[in-house]
2 protein chains.
Amino acid sequence: MLLRKIFNDTDSKWKPIIQEFEAVLGRDGVVRRKDELLTYECDGLTAYRQRPAVVVLPRTTEQVAAAVKICDRYNLPWVARGAGTGLSGGALPVEDCVLIVTARMKQILDVDLENQRVVVQPGVINNWVTQAVSGAGFYYAPDPSSQIICSIGGNVAENSGGVHCLKYGVTTNHVMGLKLVIPDGSIIDVGGFVPEMPGYDLTGLFVGSEGTLGIATEITLRILKTPESICVLLADFTSIEAAGSSVADIISAGIIPAGMEIMDNLSINAVEDVAKTNCYPRDAEAILLIELDGLEVEVAANKKRVAEICQKNGARNITSANDPETRLKLWKGRKAAFAAAGHISPNYFVQDGVIPRTQLARVLKEINALSERYGYRIANVFHAGDGNLHPLVLYDNSVPGAWEQVEKLGGEILRLCVEAGGSLSGEHGIGADKNCYMPYMFSEVDLETMQYVRDCFNPKGLANPGKVFPTPRTCGEAANAQKMAQFKEAELF
Amino acid sequence: MLLRKIFNDTDSKWKPIIQEFEAVLGRDGVVRRKDELLTYECDGLTAYRQRPAVVVLPRTTEQVAAAVKICDRYNLPWVARGAGTGLSGGALPVEDCVLIVTARMKQILDVDLENQRVVVQPGVINNWVTQAVSGAGFYYAPDPSSQIICSIGGNVAENSGGVHCLKYGVTTNHVMGLKLVIPDGSIIDVGGFVPEMPGYDLTGLFVGSEGTLGIATEITLRILKTPESICVLLADFTSIEAAGSSVADIISAGIIPAGMEIMDNLSINAVEDVAKTNCYPRDAEAILLIELDGLEVEVAANKKRVAEICQKNGARNITSANDPETRLKLWKGRKAAFAAAGHISPNYFVQDGVIPRTQLARVLKEINALSERYGYRIANVFHAGDGNLHPLVLYDNSVPGAWEQVEKLGGEILRLCVEAGGSLSGEHGIGADKNCYMPYMFSEVDLETMQYVRDCFNPKGLANPGKVFPTPRTCGEAANAQKMAQFKEAELF
């Protein structure tokens with residue numbers, strides 16, 4: 001409603017602004033029609049929606065800088081958006097904002113195989129990086145499930161993870177340098193070609209800052225050599241605890257698989273209903289997918305050890321695949337898990353929390369108890385090696401009050417994670433979804449320190465306001481205050 | 001002279017301050033006698049000296065916070081110091097400052113093998129961490145040459161590297177969380193037990209900030225499982241270029257050794273004169289030391305491949321060792337290289353620069369040319385896998401003007417590194433030694449951004465003033481201005 005008001009009453013305010021944007025970006029670089037703006041109302045967290053006042057589509061660093069300068073001059077809040085696949089509402093517009101979309105910044109600017117570096121614009125799709133270098137025997141390690149549609153810029157903003165991050169680390173471990181536009185419109189370079197540059201590690205600070213400190217317009221990525229051999233094992237168990245114990249034992253044995261994922265019975269069946277892999281036994285309480293990579297001899301030796309550990313923990317069957325085709329088939333179900341949840345339920349909500357690996361069995365049991373208490377089914381699909389849980393809460397948005405209940409349940413799951421010594425987010429970010437939970441994990445002075453850093457880059461508070469951690473304004477909002485109150489009051493133990 | 005003046009004229013200024021420090025730290029926690037202060041005049045960069053006004057020796061986080069608060073109240077500049085082994089003057093006192101020394105903070109606070117975490121106070125010696133966990137099959141990876149005397153706090157401040165950082169990364173990759181005292185005396189917690197905490201990566205920002213943003217008082221480290229098998233190879237070559245090419249070929253083959261070090265003829269002979277390993281052939285132009293680790297089958301396979309690559313590049317002999325005793329013997333010379341330089345020359349200056357690996361041969365040739373031009377011998381010992389050079393310039397400080405020449409030569413080497421696409425520092429930090437070179441690597445707006453971050457934690461500029469990057473005050477100094485002018489004017493190509 002407020003938006004409509006602006007459009008009717010303040011067109012005179014926007015007219016000169018739009019003209020300025022068009023002068024810099026061209027007429028086709030500025031989206032202003034209400035029907036066209038619909039696309040940009042939300043990201044992957046579809047429960048939250050807000051139409052932006054205007055969308056701009058730059059192609060170059062200079063155009064981004066010019067757009068940010070216009071926002072700065074007119075004191076317009078702005079939000080950066082990549083492919084819009086984020087799950088925590090990091091790219092959710094704020095009221096009356098300019099949305100800066102990097103969808104047209106899709107150039108791979110440089111491929112340097114000798115030094116194992118690729119420089120990309122932020123709109124480049126994650127998977128394209130590997131495609132550009134795989135012929136020469138290289139790949140880009142971070143692989144979120146959305147890798148065929150999500151953008152590197154978004155990955156940088158959210159410090160995205162993925163299946164292979166157990167062994168190779170999340171996005172921050174693969175970003176060597178950034179060209180950035182900071183909120184006053186200045187262009188700065190942080191990090192660079194060689195690792196461990198002197199001065200403050202501003203690259204590390206920017207990765208995961210969710211668009212609150214600036215926009216990355218050029219990203220220097222590290223690529224890795226494709227391993228000589230890869231093997232995927234699938235072990236099935238009659239209890240999720242046994243799968244969890246296998247994970248702990250594998251790590252304790254000093255083996256670091258490239259990836260190690262658990263899916264529970266509900267996920268397995270959802271996936272088999274939809275993706276029809278015919279690989280995942282429907283009667284298993286849990287399956288454990290393990291990818292090993294390295295030299296052929298190493299993979300063979302570890303395969304034997306991993307199989308023994310799984311057997312010792314009561315695995316019923318263990319299948320394995322070395323050839324690319326069968327490996328892909330074994331992974332297909334895992335990669336399709338979120339989509340499958342959408343097929344077996346009108347709506348689903350993906351939670352993202354981290355716990356110490358040693359707490360897996362206990363926390364999963366507690367999540368199960370919460371599922372029963374609230375009366376919502378929860379499918380568990382997760383990066384078990386990292387202790388990074390992704391409970392999928394299945395619900396029907398058309399039932400009045402359902403979303404509120406699910407949100408509350410999601411909050412309780414997070415509180416469980418934090419109480420277990422873990423964290424509010426593993427790889428999806430805090431965004432608009434979890435900002436009000438941050439005080440549960442960080443002290444007032446910790447958050448104040450983050451706010452100092454934010455103010456230093458973003459003194460007017462125009463870049464992605466309200467995201468990542470609460471500001472007095474956003475937490476004053478009734479809905480958020482209520483969410484936090486519920487979180488605090490929940491009696492879990 | 002200025003210092004003496006202060007001591008004579010302003011004792012009345014210091015009296016109440018000393019009383020406050022003593023009230024917090026006890027009388028034995030405050031050092032004020034001139035002869036006792038001598039110890040603290042310099043760190044490992046002995047060419048720079050400055051006596052602090054007072055030294056304080058806290059034992060706890062609370063004592064550090066109380067000391068910092070006193071500095072804040074009286075507007076006293078302060079510098080943090082660990083074991084004082086740093087090579088860039090990061091812990092060099094500034095005039096009329098309080099030196100906060102962590103030498104008494106030597107407790108290992110927690111060892112959690114299950115989750116592979118160790119929590120230490122900053123004064124804990126690097127090597128003690130491995131000693132505390134090696135019995136259980138774990139180790140702490142970053143291993144600077146000074147690891148038996150340097151402290152973890154200093155490692156965190158300088159983001160220290162070491163031989164094993166090629167495969168396992170430098171200090172920042174092994175610090176999970178920090179308890180910090182920031183310059184207003186507040187105690188904050190950054191990072192934590194699980195990796196990739198939400199919010200800004202302030203842990204990464206602090207690691208390598210060289211004491212300009214605060215003091216770490218508790219450090220949570222990640223420990224790794226000791227590999228099943230370790231093998232060290234020593235290959236000797238008739239040219240340093242051949243050793244360099246072997247390094248490039250090994251990495252290109254997708255092998256990442258735990259460490260890969262080159263020593264040139266001058267270093268080899270210095271080491272054999274002093275450490276008498278009888279392992280390093282005195283007539284070799286270069287030796288390449290390679291450590292491989294992992295599963296036994298993996299190490300065996302890589303050993304074969306590495307040997308073939310070295311042979312193809314013209315290695316004369318390749319010896320190898322799997323048993324701990326012989327491995328230690330092969331490493332002994334490398335670890336003693338800096339000390340050996342001190343034995344064959346009255347003085348030496350260690351430079352620390354980074355170049356892309358692909359530029360090794362060319363840059364080493366240029367360094368050789370500089371050595372001839374200036375008439376100072378340069379021994380090359382370096383982390384070849386990382387492209388992290390450590391040219392040791394041998395000189396005699398008793399010769400008038402020698403240090404100034406060496407400093408100029410050191411600057412030219414750094415310029416070579418930066419021109420080659422590298423960096424001013426790989427692992428020793430910028431400190432007091434290289435702060436005026438930073439504008440050569442970073443634009444004005446890049447440095448301004450770093451200054452914003454510094455101001456945000458350290459608004460009064462009291463924490464380690466003048467270090468890491470130039471401030472108008474420090475670069476106004478004649479000596480530094482001259483250093484920078486020389487750097488800019490040098491004609492290298």
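Definitions and limits used
- Numbers given to residues run from 1 along each chain, matching the order in which its sequence is written.
- Chains carry letters from A onward and ligands carry numbers from 1 onward, assigned in written order.
- In keeping with the model being predicted, local features are shown solely for residues with a pLDDT of at least 70 and side-chain atom pairs are shown and tallied solely at 80 or more, while totals for entire chains, interfaces and linings include all residues.
- Values shown for side chains rest on all heavy atoms present in the structure; no hydrogens or waters enter the calculation.
- Definition used for salt bridges: Asp or Glu carboxyl oxygen within 4 Å of a side-chain nitrogen of Lys or Arg.
- In this text, helices come from DSSP runs of H or I with a minimum length of four residues, and strands from runs of E with a minimum of two, each type numbered from the N-terminal end.
- Note on exposure labels: buried denotes an accessible area under 20% of the residue type's maximum, exposed denotes more than 50%, and partly exposed covers the range between, all computed with a 1.4 Å probe on protein chains only.
- A residue counts toward the fit only if its pLDDT is at least 70 in both copies, and the copies are then superposed by least squares on the C-alpha atoms of those residues.
- Any pair of residues with heavy atoms lying within 4.5 Å of one another is described as a contacting pair.
- UniProt positions are given in the numbering used here, feature names are shortened, and annotations may be inferred rather than shown by experiment.
- Put simply, buried area is how much 1.4 Å-probe accessible surface two parts lose in total, over both of them, once they are put together.
- A 3.5 Å cut-off defines polar contacts: any pair of N or O atoms within that distance qualifies, except that in protein one atom must be a possible hydrogen donor and the other a possible acceptor, and neighbouring residues in sequence count only when both atoms are side-chain atoms.
- Fitted lines through C-alpha atoms give the axes, limited to the stretch in contact for helices. The angle between two N-to-C directions lies from 0 to 180 degrees.
- Relative orientations are named as follows: roughly parallel for angles under 35 degrees, roughly antiparallel for angles over 145 degrees, roughly perpendicular for angles from 65 to 115 degrees, and oblique for any other angle.
- By the definition used in this description, the sense in which the near helix is turned from the far one sets the handedness, with an anticlockwise turn below a right angle giving left-handed and a clockwise turn giving right-handed.
- By definition, no residue in a patch forms a salt bridge, and every one has over 30% relative accessible area; like charges are joined within 9 Å, nonpolar side chains (Val, Leu, Ile, Met, Phe, Trp, Tyr) within 5 Å.
- Computed with a 1.4 Å probe, the accessible areas rest on the Shrake-Rupley method; for each residue, only the protein chains presented here act as cover.
- Centre distance within 6.5 Å is the pairing criterion for rings of Phe, Tyr and Trp, where only the six-membered ring of Trp is used; planes under 30 degrees apart are then read as stacked, over 60 as edge-to-face, and the remainder as tilted.

### Concerning the pattern of salt bridges
Residue and element names in this part refer to chain B.
Link 1 in the chain: Taken as a whole, this structure holds 36 salt bridges over all chains when the rule is applied.
Link 2 in the chain: A salt bridge links K460 to D72; its shortest N-O distance comes to 3.1 Å. Of the two residues, K460 is situated in the loop between α17 (444-457) and α18 (472-476) and D72 in helix α4 (residues 61-74); the sequence distance between them amounts to 388 residues.
Link 3 in the chain: Judged by its relative accessible area of 46%, K460 is partly exposed.

### Focus on the relation of the copies chain B and chain A
Link 1 in the chain: At an RMSD of 0.0 Å, chain B and chain A line up after a rotation of 180° and a shift of 0.0 Å along the axis. Considering both components of the superposition, the chain copies are consistent with a two-fold axis. Every residue of chain B has its C-alpha some distance from the rotation axis, and the shortest such distance is that of E298 of chain B, at 2.5 Å.
Link 2 in the chain: Comparing interface residues between copies, 100% of those in chain B also lie at the interface in chain A; the contact surface is shared.

### A short note on the UniProt feature "domain: FAD-binding PCMH-type" (unreviewed entry) in chain A
Link 1 in the chain: The feature "domain: FAD-binding PCMH-type" (unreviewed entry), as annotated in UniProt, sits at residues 48-226 of chain A in this numbering.
Link 2 in the chain: End-to-end, the C-alpha atoms of residues 48-226 of chain A are 39 Å apart, and along that stretch the chain is 21% helix and 25% strand.

### Topic: the interface of chain B and chain A
Size of an interface, as often reported, equals the accessible area lost when the parts are brought together.
Link 1 in the chain: Contacts between the two partners involve 65 residues from chain B, matched on the other side by 65 residues from chain A.
Link 2 in the chain: Of all residues in chain B, the largest losses of buried area upon contact with chain A belong to E196, P198 and Y200 of chain B, amounting jointly to 16% of the total for that side.
Link 3 in the chain: Counting every contact that joins chain B to chain A gives zero salt bridges.
Link 4 in the chain: At the boundary of chain B with chain A, the tally comes to eight residue pairs in polar contact (both at pLDDT 80 or more).
Link 5 in the chain: Put simply, the parts of the chain that give the side of chain B that touches chain A at least two residues each are β9 (187-191), α8 (202-206), α9 (240-252), α11 (296-312), α16 (438-441) and α17 of chain B.
Link 6 in the chain: Looking at the side of chain B that touches chain A element by element, the count peaks at nine residues for α17 of chain B.

### Description of the packing of helix α2 (residues 11-25) of chain A against helix α4 (residues 61-74) of chain A
Residue and element names in this part refer to chain A.
Link 1 in the chain: It is at 9 Å that the axes of α2 and α4 come closest, and there the two elements cross at 165°. Comparing the axis directions of α2 and α4 gives the class roughly antiparallel. Crossing geometry of α2 relative to α4 is assigned as right-handed. Listed contacts from α4 to P16, I17, E20, F21, V24 and L25 of α2 are Q63, A66, A67, I70, C71, R73 and Y74.

### Notes on a nonpolar patch on the surface
Residue and element names in this part refer to chain A.
Link 1 in the chain: There is a patch of nonpolar side chains on the surface, built from I108, V111, L113 and W128 and spanning about 280 Å² of accessible area.
Link 2 in the chain: One can find I108 in strand β5 (residues 108-112).
Link 3 in the chain: Judged by relative accessible area, which is 30%, I108 ranks as partly exposed.

### Focus on unusual backbone geometry
Link 1 in the chain: Although it is not a glycine, E210 of chain A adopts a positive phi angle of roughly 55°.
Link 2 in the chain: If you trace the backbone, E210 of chain A turns up in the loop between α8 (202-206) and β10 (215-222).
Link 3 in the chain: Owing to a relative accessible area of 4%, E210 of chain A belongs among the buried residues under this scheme.
Link 4 in the chain: At D96 of chain B, a residue that is not glycine, the phi angle is positive and equals roughly 65°.

### Points about the packing of aromatic side chains
Link 1 in the chain: Enumeration according to the criterion identifies 12 aromatic pairs over all chains in this entry.
Link 2 in the chain: Ring centres of F206 of chain A and F457 of chain A lie 5.3 Å apart, and the angle between their planes is 80°; this geometry places the pair in the edge-to-face category. Of this pair, F206 of chain A sits in helix α8 while F457 of chain A is found in helix α17 (residues 444-457), placing the two residues 251 residues apart along the sequence. Here the two residues F206 of chain A and F457 of chain A agree in accessibility, since each one is buried.
Link 3 in the chain: Centre to centre, the rings of F349 of chain B and W403 of chain B are 5.4 Å apart; their planes meet at 75°, and the pair counts as edge-to-face. Of this pair, F349 of chain B sits in strand β16 (residues 347-350) while W403 of chain B sits in helix α15 (residues 402-419), placing them 54 residues apart in sequence.
Link 4 in the chain: Residue F349 of chain B is classed as buried on the basis of its relative accessible area of 5%.

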